[in-house]
Amino acid sequence: MNAKLKGNVEMFSSKVFSGLNENALRYLLPTWMTAMTGVVLRLGFGSLFFWVWGFFSGKKEPKASWKDSLTLLFAGVIFVFGYMWTLLLGLTYTTPISSSIFISLQPVWVYIICLVLRTEHLSKGKVAGILIGFGGALLCVLTQHSGAVASDPLKGNLFCLASSVLFASYLVIEKRYLKRLSSATVSKWTFLGGVLPAIVMVCVHGWHAPVLEQNIFSTPMLVLLFVLIFPTSISYLLQDFALKVLPATVVALYGDLILIVAAIASYILGQDIFSWWQIAAIILMIISVYLVEVAERKSA
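This one's a predicted model, so the numbers in the text were calculated from it and none came from an experiment.

### Topic: the packing of aromatic side chains
Then, in step 1: Following the criterion strictly, the structure yields twelve aromatic pairs and no others.
Then, in step 2: One aromatic cluster is present, formed by F49, F50, W53, Y83, F167, Y170, F191 and Y236 through successive ring pairs.
Then, in step 3: Above the plane of the ring of Y93 lies K155, whose end atom (NZ or CZ) is 4.7 Å from the centre.
Then, in step 4: Note that K188 overlies the ring of W51, its terminal NZ or CZ placed 4.5 Å from the centroid.

In structure tokens form, the structure reads like this:
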């Protein structure tokens, strides 16, 4: 298996986990844990996972300088914590499908960030994709109303929008450091940075996690274990591997798979109600991603 094919397989697996993560978190929030408690659990578990992984896999890997470590730590404080906090807060108020629609905007944000940094060139195809993507997101915001499946969709969608911007920024930074450092090194410092403000925030707002009082084989605990092991840890590890061989824009395009997986699971689990407006928004997002991907291939 060549490197690029392997990278695409890794991203496919990573984003299937991420898609199911939307539904799992929606099940847990806010009944079984608050958004802030969920952030502490995810970042704490992820940080421990990557530090242990780094201990066993990083002996032959290049060591990060103190400057790199501090930069990655700071990136974790801002982008990793910010992404997870806004995502979980958004999912408290909106649905997994709506959240995934905004996650699908990640390629758009990555492209805009790369344009600002002058690592990408202006392309008509990508600009068209961006405009269609924004149209899909706007359609989702304007047509979704409060109800049994979403208590405050406008607030939730705005938080999810912020999460997609923060994660896209993280991808661009992570791609830069993965050129010379191992995935374990990059992730252990960024996750450690993320868990620090999460602990401070939970001390201020309080700890609420009834899920931890459940039997380990109960549904809430099994769902939490899935979230911690697969989307939080293994998914990020696979993404790091893929970023070593794939452009950040291509990696971001796999956010579209999150949308498809979350949509199918949401309708099956009853976490969302079928809406033609929502389907139209999903179609616009898929067209958006397709145009950006085609333009990316032409410029490669």
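That covers the picture; the talk isn't over yet.
### Topic: the environment of P153
Then, in step 1: Position of P153 among the secondary structure elements: in helix 7 (residues 153-178).
Then, in step 2: Sequence separation between P153 and L91 is 62 residues, and the spatial gap between their C-alpha atoms is 9.1 Å.

### A short note on the packing of helix 1 (residues 3-28) against helix 11 (residues 255-269)
Then, in step 1: Where helix 1 meets helix 11, the axes come as close as 8 Å, and the angle between the chain directions of the two elements is 40°. Taken together, helix 1 and helix 11 sit at an angle that is classed as oblique. Seen from above, helix 1 lies across helix 11 with right-handed handedness. Along the contact surface, helix 1 presents F12, K15, V16, S18, G19, L20, E22 and N23, while helix 11 presents L257, I258, V261, A262, A265, S266 and L269.

### With respect to a nonpolar patch on the surface
Then, in step 1: Taken together, I260, I264, I268, L269 and I286 make up a surface patch of nonpolar side chains, about 480 Å² in accessible area.
Then, in step 2: Counting residues per element, the nonpolar patch draws most heavily on helix 11, at four residues.
Then, in step 3: As for its placement among the helices and strands, I286 is situated in helix 12 (residues 276-299).

### Some points on the confidence of the model for the protein chain
Then, in step 1: Averaged over the protein chain, the pLDDT score is 85; the fraction of residues at 70 or greater is 90%.
Then, in step 2: The secondary structure element of the protein chain with the lowest average pLDDT is helix 10 (residues 248-253), at 70, and the one with the highest is helix 3 (residues 66-93), at 95.

### Observations concerning the nonpolar core
Then, in step 1: Ranked by internal contacts, the top residues of the largest apolar core, which has 73 residues, are M33, V39, L43, L224 and Y236.
Then, in step 2: In terms of residue count, helix 3 provides more of this core than any other element does, eleven residues in total.
Then, in step 3: When neighbours within four sequence positions are excluded, L224 is seen to be in contact with L28, M33, L41, V211 and L212.

### Side note on the pattern of salt bridges
Then, in step 1: Within this structure, the stated rule accounts for one salt bridge.
Then, in step 2: We note a salt bridge from R180 to D68, for which the minimum N-O separation is 2.7 Å. Residue R180 is found in the loop between helix 7 and helix 8 (183-205), and its partner D68 is found in helix 3; the two are separated by 112 residues along the sequence.
Then, in step 3: Note on R180: relative accessible area 43%, which makes it partly exposed.
Then, in step 4: Residue D68 is classed as buried on the basis of its relative accessible area of 9%.

### Some remarks on the side chain of T92
Then, in step 1: Along the chain, T92 falls in helix 3.
Then, in step 2: From its side chain, T92 meets the backbone oxygen of L88 in a polar contact 2.8 Å long.

Each value, and the rule that gives it
- Residues numbered from 1 in each chain as written.
- Predicted model: local features only at pLDDT ≥ 70, side-chain atom pairs only at ≥ 80, totals over all residues.
- Heavy atoms only, no water.
- Phe/Tyr/Trp six-rings, centres within 6.5 Å; stacked < 30°, edge-to-face > 60°.
- Lys NZ or Arg CZ within 6 Å of the ring centre and 35° of its normal.
- Helix = DSSP H or I, 4+ residues; strand = E, 2+ residues; numbered from the N terminus.
- Axes fitted to C-alpha atoms, helices over the stretch in contact; angles between N-to-C directions.
- Parallel < 35°, antiparallel > 145°, perpendicular 65-115°, else oblique.
- Left-handed = near helix turned anticlockwise from the far one by under 90°.
- Contact = heavy atoms within 4.5 Å.
- Patch = residues over 30% accessible without salt bridge, like charges linked within 9 Å, V, L, I, M, F, W, Y side chains within 5 Å.
- Areas by Shrake-Rupley, 256 points an atom, 1.4 Å probe, with all protein chains shown as cover.
- Salt bridge = Lys/Arg side-chain N within 4 Å of Asp/Glu carboxyl O.
- pLDDT = per-residue confidence, 0-100.
- Core = buried A, V, L, I, M, F, W, Y, C linked by side-chain atoms within 4.5 Å.
- Buried < 20%, exposed > 50% of the residue type's maximum accessible area, 1.4 Å probe, protein only.
- Polar contact = N/O pair within 3.5 Å; in protein donor to acceptor, adjacent residues only side chain to side chain.

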